[in-house]
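# Coordinates in review
For reference, the chains in residue letters:
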Amino acid sequence: QVQLVESGGGLVQAGGSLRLSCAASGSIFSINAMGWYRQAPGKQRELVAVITGGYSTNYADSVKGRFTISRDNARNTVYLQMDSLKPEDTAVYFCNVRGVLTARGYGSDYWGQGTQVTVSS
């Protein structure tokens, strides 16, 4: 069973920065894509950023130039550096990993429990 543990959320003023981390555990051999999604109150969950096993990245237009996604394969960890935060970035941020090969076999899709990010104006 793959488990994801997120950390780094919190309250920050507009213009500030936060760094989210998500560590995957569970006898993992490899992970294909790792990413971050967010869900604001009353809105659907949306993609923020994703990074593939080949280190290709994709960002939502709303965060391009402000957020940076990275990964550490040795630690099975994905990071999201968030700079120049805006009040509209306020949401619960969820870690997602896809294409996970473990000692028990292959798993397609796993989610973290979510971490709250609140940006005050």
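In short, a report on the structure. This structure is a prediction, so every number in the text was calculated from the model and none was measured.

For Asn-96, the location among the structural elements is in strand 9 (residues 91-102). The exposure class assigned to Asn-96 is buried, which follows from its relative accessible area of 4%. A polar side-chain atom of Asn-96 sits 2.6 Å from a polar atom in the side chain of Asp-109. Not counting residues up to four positions away in its chain, the partners in contact with Asn-96 are Leu-4, Ala-33, Met-34, Gly-35, Tyr-37, Asp-109, Tyr-110 and Trp-111.

On to a nonpolar patch on the surface. Together, Phe-29, Leu-101 and Tyr-106 make up a nonpolar patch on the protein surface, roughly 380 Å² of accessible area in all. With respect to the element layout, Tyr-106 can be found in strand 10 (residues 105-111). On the basis of relative accessibility, which here comes to 62%, the residue Tyr-106 falls in the exposed class.

Strand order in this open sheet of 4 strands is 1-3-8-7, and the pairing throughout is antiparallel. With one partner strand each, in any of the chains shown, strand 1 (3-7) and strand 7 (67-72) form the two edges of the open sheet. Between one strand axis and the next, the sheet turns by 15° as a mean value, whatever way the strands run. In this structure, strand 3 (residues 18-25) lies alongside strand 8 (residues 77-82), joined through 6 bridges in antiparallel fashion. Considered in strand 8, the bridge of Leu-18 is made with Met-82.

Turning next to the pattern of salt bridges. In this structure the tally under the stated criterion is 6 salt bridges. Here Arg-38 and Glu-46 are joined by a salt bridge, their closest N and O atoms 2.7 Å apart. Each of the salt bridges in this network shares a partner with another, and the network as a whole consists of Arg-38, Glu-46, Arg-66 and Asp-89.

With that settled, consider unusual backbone geometry. A positive phi angle, near 55°, is found at Ser-27, a position not held by glycine. Along the polypeptide, Ser-27 turns up in the loop between strand 3 and strand 4 (28-39). Owing to a relative accessible area of 52%, Ser-27 belongs among the exposed residues under this scheme. A positive phi angle, close to 50°, is found at Asn-76, a residue other than glycine. In this fold, Asn-76 is placed in the loop between strand 7 and strand 8.

Take the side chain of Ser-21 next. Tracing the chain through its elements places Ser-21 in strand 3. We classify Ser-21 as buried; its relative accessible area is 16%.

Conventions adopted
- Residues numbered from 1 in each chain as written.
- Predicted model: local features only at pLDDT ≥ 70, side-chain atom pairs only at ≥ 80, totals over all residues.
- Heavy atoms only, no water.
- Helix = DSSP H or I, 4+ residues; strand = E, 2+ residues; numbered from the N terminus.
- Buried < 20%, exposed > 50% of the residue type's maximum accessible area, 1.4 Å probe, protein only.
- Polar contact = N/O pair within 3.5 Å; in protein donor to acceptor, adjacent residues only side chain to side chain.
- Contact = heavy atoms within 4.5 Å.
- Patch = residues over 30% accessible without salt bridge, like charges linked within 9 Å, V, L, I, M, F, W, Y side chains within 5 Å.
- Areas by Shrake-Rupley, 256 points an atom, 1.4 Å probe, with all protein chains shown as cover.
- Salt bridge = Lys/Arg side-chain N within 4 Å of Asp/Glu carboxyl O.
- Pairing = 2+ DSSP bridges.
- Axes fitted to C-alpha atoms, helices over the stretch in contact; angles between N-to-C directions.

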